[in-house]
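Observations on the three-dimensional arrangement
So you can see what is in the structure, the chains are spelled out below.
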Amino acid sequence: MPEQTKIQLDESEMPTRWYNLIPDLPEPPPPVLHPGTHEPVGPDDLAPLFPMDLILQEVSGERFIDIPETVQEIYRLWRPSPLYRARRLEKALDTPARIYYKYEGGSPAGSHKPNTAVAQAYYNAQAGVTKLTTETGAGQWGSALAFACAQFGLECEVWQVRASYDQKPYRRMMMETFGATIHPSPSEVTEAGRTILAEDPDSPGSLGIAISEAVEMAAGDEQTKYALGSVLNHVLLHQTVIGEEALLQMERAGETPDLLVGCTGGGSNFGGLCFPFIREKMAGKMAPEIRAVEPAACPTLTKGVYAYDFGDAIGMTPLMKMHTLGHDFVPDPIHAGGLRYHGMAPLISHVYELGLLEAEAVGQTACFEAGLQFARTEGIVPAPEPTHALAVAIEEAQACAESGEEKVILTALCGHGHFDLAAYDRYLSGEMENYAYPEAKVAEALSRIPAVG
Ligand SMILES: *Cc1c(COP(=O)(O)O)cnc(C)c1O
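Residues numbered from 1 in each chain as written. Predicted model: local features only at pLDDT ≥ 70, side-chain atom pairs only at ≥ 80, totals over all residues. Heavy atoms only, no water.

Attention now moves to the overall build of the protein. Scanning the protein from N- to C-terminus turns up 18 helices and 15 strands. Counting only C-alpha atoms, the protein reaches 60 × 50 × 45 Å along its principal axes. Sorting the 453 residues of the protein into buried and exposed places 62% on the buried side. Across the protein, the fraction of contacts at a sequence separation of at least 24, relative to all contacts at a separation of at least 6, is 77%. Averaged over its 32 positive side-chain charges, the protein has a centre that lies 6 Å from the centre of its 61 negative ones. (Helix = DSSP H or I, 4+ residues; strand = E, 2+ residues; numbered from the N terminus. Buried < 20%, exposed > 50% of the residue type's maximum accessible area, 1.4 Å probe, protein only. Contact = heavy atoms within 4.5 Å. Lys, Arg positive; Asp, Glu negative; His and termini not counted. Charge placed at Lys NZ, Arg CZ, Asp CG, Glu CD.)

Here T387 shows up in helix α16 (residues 387-403). In terms of polar contacts, T387 uses its side chain to reach the backbone carbonyl oxygen of P384, at 2.5 Å. If we ignore the near neighbours within four places in the chain, the residues touching T387 are C367, F368, A370, G371, P382 and Y424. (Polar contact = N/O pair within 3.5 Å; in protein donor to acceptor, adjacent residues only side chain to side chain.)

Turning to helix α9 (residues 191-199), a few remarks are in order. Side chains that are three or four residues apart share a direction in an α-helix, a result of its 3.6 residues per turn. When α9 is considered as a whole, its buried residues turn out to be A192, G193, I196 and L197. All buried residues of α9 lie within an arc of 130 degrees about the axis, which places them on one face of the element. Of the exposed residues in α9, the ones pointing more than 90 degrees away from its buried face are A198 and E199. Contact partners of the buried residues in α9: α10 (207-219). (Arc of directions from axis to C-beta.)

For strand β7 (residues 155-161), the buried fraction is high: six of the seven residues fall into the buried class. Here strand β6 (residues 131-136) pairs with β7 via six bridges, running parallel. In the sheet register, K131 faces β7, and the bridge partner there is E155. After leaving β6, the chain enters helix α6 (residues 140-152) and then returns to the sheet as β7, a path that is right-handed. (Pairing = 2+ DSSP bridges. Right-handed = clockwise from strand over helix to strand, strands pointing away.)

To continue, consider the site of the ligand. Near the ligand lie 17 residues; those nearest to it are K113, S230, G265, S268 and N269. The side chain of K113 places a nitrogen or oxygen atom 2.7 Å from an oxygen atom of the ligand. Here an oxygen atom of the ligand sits 2.7 Å away from a polar atom, N or O, in the main chain of G265. For the ligand, whose unbound accessible area comes to 380 Å², protein coverage reaches 97%. Residue composition of the shell around the ligand, by class: three nonpolar, twelve polar and two charged. (Near = heavy atom within 4 Å. Areas by Shrake-Rupley, 256 points an atom, 1.4 Å probe, with all protein chains shown as cover. Nonpolar A, V, L, I, M, F, W, Y, C, P; charged D, E, K, R; others polar.)

This is the structure in structure tokens:
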């Protein structure tokens, strides 16, 4: 039996290419449509928002795309990231299962987000862009982009979902420390924000609303572009460094995973870990079960419809076919702010429709219970988002304790929770609410998705 606890790669073993799953799929994902004409969008339609290199990655049919040397150099600040065997957690569970976690919390932002932020800032800087706008929920993406912009001398303006802006002041301070400007969203700065505030002055905000604001600002200025931290194909592409490293590390450990489990907000850390394993699975080299875990309060894959919808709340973005709860659905303010998005990545949605992955939803108190058990055994306080995956990994390992099965479980520990201690505090003091699935609110939002085809 393998005895290693920490499986670390050499710097020279860091991937030099990103992996694009699309050409390996049995059928391509449905096209992105223009919101007015409902015709497939071309590269020019996206040019006001993104630099051409990223647009070409968005629609690329190449299996592998070289990571620019400058991006690799910045990645080396924290990559390759370690893979751990959770021996102390296994012992506490008294399970024959072997649990591995790929830890992305050692990055400058404390999560996987810099893997794409650095790449996006690089291509924008190459194209002569001077400023990036974006949205952020918990603040993970905003801090990642603020860091990345600082690397390339770009200005960074961030709309942070109001609920998180109020709950997590340290994330705002971190973004400002990296040099960014932050607005709580909805804000008075944009037309979109003013519209929402006129209807609901106390709006807690949502990722969809914050995206509307950031897109509006970018669309109105030639030198400014927009950056998205999840959902899009190029974002998932950049995150595949996680899975490529994990493949090599599992092989080093002499292990083949039976179950991959990850949390899904927009789907980028999950896709980043799983896509290279899906490639190996389709090639017949392994057969892991692949499972996405989402919050019960925002269950896009398990309860949403698979339909064309907008990526933002107001309806300014192109239409993407994805699992959605309705573009203007505002989830309850769960602490896993990064999982409060109304849609799922179109590519993850498509892969789900193809039957290549499964999904389940978990309530937030069960997640925090798992987070505490993990912190007390493994010594890392997880961000609220990956506690969703940990809850399922622990449940599976407990089932193995009963059945005696030696299942090999691999999960993405996509971020630490050092800025989320107020949420742990609420859990510890017994004040944490367990939001149910908001059926009526979803039904209402779904009645407003656009009719396509
Ligand atoms: C942003 C974020 C998420 C959710 O985004 P995905 O694109 O689904 O990965 C999950 N966990 C952490 C730590 C995040 O920062």
